[in-house]
Structure formats: structure tokens, C-alpha cells
Amino acid sequence: MTLHLDPAMLARLQFGFTISFHILFPAFTIGLASWLAVVEWRWLKTGDEIYRDVYQMWVKIFAVTFGMGVVSGVVLSYQFGTNWSVFSDKVGNVLGPLLGFEVLTAFFLEASFLGIMLFGWNRVSPIMHFFATAMVAAGTLVSAFWILAANSWMQTPQGFLIGDDGLYYPTNWLAIIFNSSFPYRMIHMVTATYLTTAFAVSGIGAFYLWRKKFIPQARVMFGMAMLMAVFVAPLQLLFGDLHGQNTFKEQPVKVAAMEGLWETQQGAPMVLFGWPDEHMETTRFAIEIPKVSSLILTHSLDGEVKGLKEWPKDRRPPVASVFWSFRIMVGVGMLMILTGVFALLLYWKKRLFDTPWFHGWCMLMTPAGFVAVLTGWFVTEIGRQPYIVFNSLLTAEAISPVAGIHVALSLLAFIIIYGFVFGAGIYYIVRLVLKGPVAETETPYGGHGITQPPIVSDAVKASGGDHV
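Residues numbered from 1 in each chain as written. Predicted model: local features only at pLDDT ≥ 70, side-chain atom pairs only at ≥ 80, totals over all residues. Heavy atoms only, no water.

Positionally, Glu102 belongs in helix α3 (residues 85–119). Summary of buried charges: Glu102 has no salt-bridge partner, and the nearest side chain of opposite charge, Arg384, is 17 Å away. (Helix = DSSP H or I, 4+ residues; strand = E, 2+ residues; numbered from the N terminus. Buried < 20%, exposed > 50% of the residue type's maximum accessible area, 1.4 Å probe, protein only. Lys, Arg positive; Asp, Glu negative; His and termini not counted. Salt bridge = Lys/Arg side-chain N within 4 Å of Asp/Glu carboxyl O.)

Inspection of the entire model under this criterion finds 34 aromatic pairs. When the centroid spacing of 5.1 Å and the interplanar angle of 80 degrees are considered together, the rings of Tyr208 and Phe214 count as edge-to-face. A centroid spacing of 6.3 Å and a plane angle of 65 degrees characterise the contact between Phe222 and Phe353, whose relative ring orientation is edge-to-face. Taken together, the residues Phe222 in helix α7 (residues 215–250) and Phe353 in the loop between α10 (319–348) and α11 (356–364) connect sequence positions 131 residues apart. Residue classification places Phe222 among the buried positions, given a relative accessible area of 0%. Given the relative accessible area of 24%, Phe353 is considered partly exposed. An aromatic cluster is defined as three or more aromatic residues linked by ring pairs; in this entry it consists of Phe17, Phe21, Phe25, Phe414, Tyr418 and Phe422. Of note, Arg327 hangs over the ring of Phe323, and the distance from its end group to the ring centre comes to 3.6 Å. (Phe/Tyr/Trp six-rings, centres within 6.5 Å; stacked < 30°, edge-to-face > 60°. Lys NZ or Arg CZ within 6 Å of the ring centre and 35° of its normal.)

This part covers the pattern of salt bridges. Evaluation of the coordinates by the stated rule reveals seven salt bridges. Two residues, Glu281 and Arg316, come together in a salt bridge whose shortest N-O distance is 2.8 Å. Of the two residues, Glu281 is situated in the loop between β4 (270–277) and β5 (282–289) and Arg316 in the loop between β6 (304–305) and α10; the sequence distance between them amounts to 35 residues. Both residues of the pair, Glu281 and Arg316, belong to the buried class. Among the salt bridges present, the one from Asp302 reaches Lys291, with a minimum N-O distance of 3.2 Å.

In C-alpha cells, the structure reads:
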């Protein structure tokens, strides 16, 4: 018996595996870089060493995650040449410049200032160091801009023509970059990175509060993170709704899979839970709320929502994967909003920093942002299938002429190498967290050798010290 290895499915699995690892790191570092800039600004403004201690702890974590993000991103480029050479050949005229712009702008900006950010303490002025941190934060956002422009074009391709040779040629760069889904994806994804960072930071801060260690630094971490949960998590619900309405307009088959709807209906129900059966073309055991899907998607109780049967079976995405990923993403988002509500109530009661059950809950929510980002990415990418460029280029037509066994072996190698390399990185991050922002035996400024910022705290002024 000969084992049949489908190279297209294996290539998709390999890319899905590697990009699932990769997306976790930018999702964290984009938000973390911006938060570090805010923390350093607070140190410059107040002179409070607590902000400095928090910065110095988290900048080490940023360095590790940034490095792992770069390494995992290089692997994705490698796969474009090995597994997806036909795709690279056909759309290279469009996507190649976008990815090149990302390198020329974002990566150069980050690389230019990252060394100052990581190693510039006591070597450059505090203002210059803050400027470097801000530039790195800006670089991460510029990087997100170009990557999301490229991905959004694959979802809603515009501004191109297909030549007689089958290659894609750009005709309008503004239409390519600012395609119809890009603004919604950009704001939704960047907000997701901020929430990912906020809940990771809040989980660590809650851990310190729960163990009654590093209390001043933990209060800064936890308090700033809860501000994001209070104000930004509800905004993400709005951004997600706008993104969903755009997807309903541009990719209605993806929305039908997200909703688990098979028949076109006016006044379509919201399927809370169920089991999509692609063979029988129905959602079994469905728990529904009448007319709510139509209300959300069309803003009318009797609006029409197309069902999956409007498309041939070979032009539908894998329904169960999209259906459940969407529900996990939304469910995690609602838990984030609920966390913000509890944080606000506890703040009003002046118990935000001394409520152990809430700190335990926030520790459980530490990976919430990562889960939401991953499942949201699954909805976006799996929901685009069977196309790699929506309604234009099929995924099966973009694969390299490579044997399935070769893809399988490289996938196995990636699993082993990723387990070792990223396992070591995560282990080091855990060690940094356990060590904490300052050694417990240190006095506030002792042992760091950090020059004070120009604006110093009243306590330091009163001591008569000009330099610590």
C-alpha cells in the first residue's frame, strides 16, 4: 500500500503551523513597544523609579519576543520559494513591492533604533533613549501597515490586471494598498495587539499582586493594563462589527460559514452554538436567536443573508473550522469586556489592587489575547479558501511542483526545531517574569546605575541628590 501525501494540504499545514507561531510574536511586540514608550514617558515626566523598573523588566521580554518574531518571519519567506513558487511567480509583481516596502521602512527603522533601546541606558541621554523607544514602536506599526496591506489585498484584490502570461500586474498602487478591506483589518488587528499586550501584562501584574511581591511595580502594570480592558476592549467590539460588515459585503461566503447558515434567509437567526455538517449541509443541534444575524449584518430584522448553498461545494471554505474559530474569538472578546467591567467596579470600590479572586481571574486571562488573535486569523485565512487570492487564484493552483514527502519532512523538521528554539525562548521569558522587575533586596535606585531623567520626583529632589 502506497501512502498518499497531498502536497497542497501539507503545504497549507506547514504554512499554517509556522504562521501561527509567527503571528503570536508581532501581536505581542506591536502592543508592547507602544506600552514601553508610554512607560518610559511616565518615567521622564515623574522621575518615579517604579516606571523605570517596569520598563527595564519588560524591555528584556520585548527583546526576546522581537528576536523570535524575526526568526519565525524568515521561515515564512523561505516557504514562498519552496512550497508556493507558483503563487510567488504569479503575484510577485504586486506583493513583492509591498513586502519590500515593509523591509525598507519598518525593518530599517526598528533595526536603527533597537540597539539604542536595548543597550542605550547610561550611554545616551534619557530623551534620546525615549526617542529610540518611540521609533521602535512606530516601526512595529509601520510593519503592521504593510503586512496587513498585502494580506488584505489577497482578501479583496483590487488595482491589478492579469496579463496574457497569467501574471498579475499592478495598475493602481493606491487601490492595491488601500483596498476595500484594509482599513477595517488594520484597526481591528492593531487594537488586537494592544489588548494582547494588556492582558499579558495584567496577568503578570496580577501574579505579583497575588504573591504580594513587587507591589509598586505590579500596581503600575495591572492598573495600566486594566485601563486598556476598560476602554479598548469595548471599542474592539465596534471595530469587529465594522470589519464583519465589510466582510459581509466583500466575502459573503466567509460570513455564511462564520454564521453556520446554509439557506439564504430574510431575518436570518444567529446560531449561538451547533455542529456544522458539511455532508448533510445543515448545522446540527443549533441554538438560535431569531433574526439577530440579519440585524447585525444588515441592520434590519428582515435583511437577507446568503446561505452556503448559494455557492458550489468546491467554492466553500471548511465550515466547521471557521464556525468554531469565530465563536472562540468572540467569546474571548466578551470575556475581555467583562474583565474591564469588573475592573471598573473594583476601582470604584477602591479594591482593584487587593482582590485576590480578580487577580486569579486575570492570571487565567493572560493568554486571552493570543487565543483571540489566533482564532481570528483562522477565520480570516481558512474562510478565504479555496482561494489564495479571493475569487481570482485558487490555492491548489498556487502550489509548487514539489513531492508531498518533501513537504512532510520539512514540516516535521519545523515542529522539532520550533519546539526547541521557541521553547527555550519561552523558558527564558518565564525566568525573567519570576525574577521580577527588581531584586527584592534592592533599594529603589540601588544597583541599576541609571541616570535620572531631567524631571525628577519630589522625593529625590528633597534628598538633594542630582545623580543616582
